[in-house]
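Overview (structure and organization)
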Amino acid sequence: MNRKKKKIDKWLVWILTLAVALNFTNIWKDEYVNQYYTSAVKSMMQNLHNFFFASFDPAGFVTVDKPPVAFWIQTISAKIFGFHGWSVILPQALAGVGSVILLYVMIKKVFGVAAGRIAALTMAITPIVPAVSRTNNIDSLLVFTLLLATWMLFKAITIKKHRWLFLAFVLIGVGFNMKMMQAYMVLPAFYLFYWLSAKIDWKKKISLLSGATVLLIVVSLSWATIVDLIPEDKRPYIGSSETNSVLELALGYNGISRLTGEMSGGGSPQGSRGQNEEQGEHLIPPSGDKQDELALENEGMQGGGNTTDSSDNENQQNSNLDSGQNSNLDSGQDSNFRNAPGGQSPPQMDGDNNDPGGGNAGRFNTGTPGMFRLIQDGLADQISWFLPLAIVSIISLLGGARVKETLSTKVLHTVFWLAWLVPVAVFFSIAGFFHQYYLIMLAPPLAAVIGAGLPVLWKAYRGLEGWKSWLLPVGIALTAGLQVSIMLPDRETIGLASILAVGIIGITLALALGSMKQRSAINTYMMTAALIVLVIGPLYWAMTPILYGGNSMLPEAGPTSSQDEQLPQMDDMAFPGDEQDVSINNNNQVDTNEAPNDEKSSTNREKRNDGRGMNGQINQSLLTFLEKNRNGTKYLFATLDSTAAAPYIIETGEAVMTMGGFSGADSILTVTELEKLVASGDVHYFLIGNRGMGGNSDIISWIQENGTEIPSEEWKENENSQQDGPGGGASQLYYVDVKGEE
């Protein structure tokens, strides 16, 4: 009996080799990656309690701002290979390559080998895909999970086994436990595809989809329900929530707030819960026309100070605030956060200030909301390189379909990818609050329709199929033009001649194809040359995290993707130790002491470009002092936010209390509860900056009033150092004992 041998697709091997190179090269050089999540992995490795809750700190004081599944995977990886930066990146890098494989398999099965190769290559070189996969941000794992669910959905239709439908929805529920509502973006495509494709009566479809939905909800809410039912004093505080509830976090901060771009104003705790009190509210200020005028240079961040984290650590933008409680900071300290007069909310990391999305650069460099947002600077170079080609591909794939006729398998699969693409694209076009690296959600459907559509476009062109024969040259010309516009802002780095060459060659080849439609070998050569030209730009962009260094906090691709070049996006946000100090005088007016421009030298910028993004760093003198004088306290010290605490947790494995959660804006403790912690000997040392955080100004005031300031020469690296501990140059270390004993 002769069995048909399966040949290895050599083109796929080359594509996977490229994907591995883009996802894995130099990841071993990133020591800390995103410190917020790396600290959680360090803490989760210590015991099952921290592991289950995804605790940020070893003491189980507060969780990270996401569900635990992705961090469970990272922790298991770190357990197997040891705790390293690369070991927590490894699951995401593998997921990035795995997504390329899954897309190839699914597209090849329906549209052919050539389509599968094109889809896989497009996915591999879409710049934001490797940029995210090279970090411990969890979006790459989420996309892989959703693609695996898609494969199961397709299998359910192909072999007509309902269990695969249920498994597909279960996997989406697992995705929810990675990044909450973001996983649900694909649901319209799943429902629509099954409804159109299943060869069963409509009653059976409703029954099966209802059952799948029930499973989805049960899996999605399983962890959240368990955690919310556990007494608050028996578990960590739910980081970045307002009511210490996972469900509220899912629907609010990680849900509707993403669309509206609005976060609640900070306030005081709503109740008592022992060590782990309820969270205050994160402030994302209304866009005001004075915010840019108050911008501070983001200097002096290396003392483990409050720097810009991400990973989805979006509430970092709310970290520098004291909502109308400025008088608490008048104890001889400069306030190193911008606070508008009259208690106005603090600034955020907005590039502009005239609309909810930010102006030209937009919030987090995500452009201005509107139908053309995805081709604006900041987003286009991450995801939209082949957007015109994708549009003409969709037209060619659906051009001959008739609603009243039985839809072909190819049409049904095209509808699926379109139903994934359109809702996600609409969301990112209008949403008020997201990061550039979320755009990885668009990569699979874009790659799929391009892979499926290009062979169809070529066939229509060679077959002289009327208006369809013009789609290929038009798509190539428009894509070349868009790529030129994408690269032009970086012409000083790339070179104007190189950029113009892409546009001129691409458009020339498109015109030649349009004028020479007869069947001939030269058409094939011109088509091949055009595609090679169109691949150059995104491939180079995809390589930039390797060439220039990446940003583990806010992953993005491009010649300015390194930590150093990322800094201009942060100019609307101030941190302790910034060169410009803002203090509130006795008349409740803002006093600004800004360093001359020549003092804001590149030296400080160079300090940050160390492969750690804008993470904090260890102050060895501070660590030595604390280890010598802590006298067995549960916490090494307490500070306001996770950025200040993270490097110490990573390096020592010791518990560091983040009184304000990730950004410092969570109102986890009341003054009474903090006093009890001090009285019980759990914590005595407090490292704080000169600012109030959300509803925590009373906490800061209490520490200052009841504590003894430790002379700086005992714990600072040197008198003038900007690396003088978490909180930056203006940070101060206090010893507090409510009994008055030191």
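Predicted model, so just to flag it, every value in this text is computed and none were measured. Per chain, residue numbering runs from 1 following the sequence as it is written. It should be noted that, the model being predicted, local features are given only for residues of pLDDT at least 70 and side-chain atom pairs only at 80 or more, the latter also being counted only at that level, while totals for whole chains, interfaces and linings use all residues. Hydrogens and water are ignored here; the side-chain numbers use all heavy atoms of the structure.

Each patch is built from residues that are more than 30% exposed by relative accessible area and take part in no salt bridge. Like charges join if they lie within 9 Å; nonpolar side chains (Val, Leu, Ile, Met, Phe, Trp, Tyr) join within 5 Å. Here the Shrake-Rupley method, with its probe set to 1.4 Å, supplies the accessible areas, and only the displayed protein chains count as covering residues. Each reported salt bridge corresponds to a side-chain nitrogen of Lys or Arg within 4 Å of a carboxyl oxygen of Asp or Glu. On the surface, L192, W195, L196, W202 and I206 cluster together into a nonpolar patch covering about 460 Å² of accessible area. Only runs of H or I of at least four residues qualify as helices and only runs of E of at least two qualify as strands under DSSP, and these elements are numbered from the N terminus. Residue assignment for the nonpolar patch shows that the elements contributing at least two residues are α10 (187–197) and α11 (202–229). In this structure, W195 sits in helix α10.

Our next topic: the sheet that holds strand β7 (residues 732–736). Pairing between strands is defined by DSSP: at least two bridges between them are needed. An order of β4-β3-β5-β7-β6 is seen for the 5 strands of this open sheet, with the pairing classed as mixed. Bordering the open sheet on either side are β4 (656–658) and β6 (707–709), each of which pairs with just one other strand. Direction aside, the axes of adjacent strands within the sheet are offset by 30° on average. In this structure, strand β3 (residues 637–639) lies alongside β4, joined through 3 bridges in parallel fashion. Whenever a helix is involved, its axis is fitted only over the stretch in contact; in every case the axis is a line through C-alpha atoms, and angles between N-to-C directions fall within 0 to 180 degrees.

Below, the discussion takes up the environment of I546. Here I546 lies in helix α20 (residues 521–547). The exposure class assigned to I546 is partly exposed, which follows from its relative accessible area of 24%. Taking the C-alpha atoms as reference, I546 lies 9.4 Å from A21; in sequence the two are 525 residues apart. We call two residues in contact when some of their heavy atoms are within 4.5 Å. Discounting residues that sit within four places of it in the chain, I546 has contacts with A21, L22, T25, N26 and R134. Residue burial is assigned from relative accessible area. The probe radius is 1.4 Å, only protein chains are included, and a residue is buried under 20% of its type maximum, exposed over 50%, and partly exposed in between.

Attention now goes to the pairing of strand β5 (residues 685–688). What you see with β5 is no split at all: Y685 and L687 on one side and F686 and I688 on the other are buried throughout. Of the pairings in the sheet, the one linking β3 to β5 comprises 2 bridges and is parallel in character. Paired with T639 across the bridge in β5 is L687.

By the definition in use, this model includes 4 salt bridges. In this structure, R117 and D9 form a salt bridge, with 3.0 Å as the shortest nitrogen-oxygen distance. Of this pair, R117 sits in helix α6 (residues 113–125) while D9 sits in the segment before α1 (10–24), and the two are 108 residues apart along the sequence. With a relative accessible area of 27%, R117 lands in the partly exposed category. Its salt-bridge partner being D65, residue K66 comes within 3.5 Å of it at the nearest N-O pair. No difference in accessibility class separates K66 from D65, as the two residues are buried.

Right, let's talk about the pairing of β7 for a bit. For β7, the buried fraction is high: 5 of the 5 residues fall into the buried class. Alternating positions in β7 separate into two faces, Q732, Y734 and V736 on one and L733 and Y735 on the other, with burial throughout. Bridge count for β5 against β7 is 4 bridges, and the pairing is antiparallel. Across the sheet, the residue bridging to L687 is L733, located in β7. Where β6 lies against β7, 3 bridges are found, and the strand directions are antiparallel. Bridge pairing in β7 links E709 to Y734.

This part takes up the packing of helix α5 (residues 85–111) against helix α8 (residues 139–159). Contact geometry of α5 with α8 gives a least axis separation of 8 Å together with a crossing angle of 25°. By the angle class used here, α5 and α8 are roughly parallel. Seen from above, α5 lies across α8 with left-handed handedness. Of the residues in α8, those touching α5 at P91, Q92, A95, G96, G98, S99, L102, L103, V105, M106 and K109 are S140, L141, V143, F144, L147, L148, T150, W151, F154 and T158. Ten residue types, Ala, Val, Leu, Ile, Met, Phe, Trp, Tyr, Cys and Pro, are classed as nonpolar, four, Asp, Glu, Lys and Arg, as charged, and the remainder, Gly among them, as polar. Each residue belonging to the contact of α5 with α8 can be placed in one class, and the counts come to 13 nonpolar, 7 polar and 1 charged. If an angle is under 35 degrees, it is roughly parallel; if it is over 145, roughly antiparallel; if it lies from 65 to 115, roughly perpendicular; otherwise it is oblique. By definition, turning the near helix anticlockwise from the far helix through less than a right angle yields a left-handed crossing, and turning it clockwise yields a right-handed one.

That's the geometry; what it means functionally is another story.
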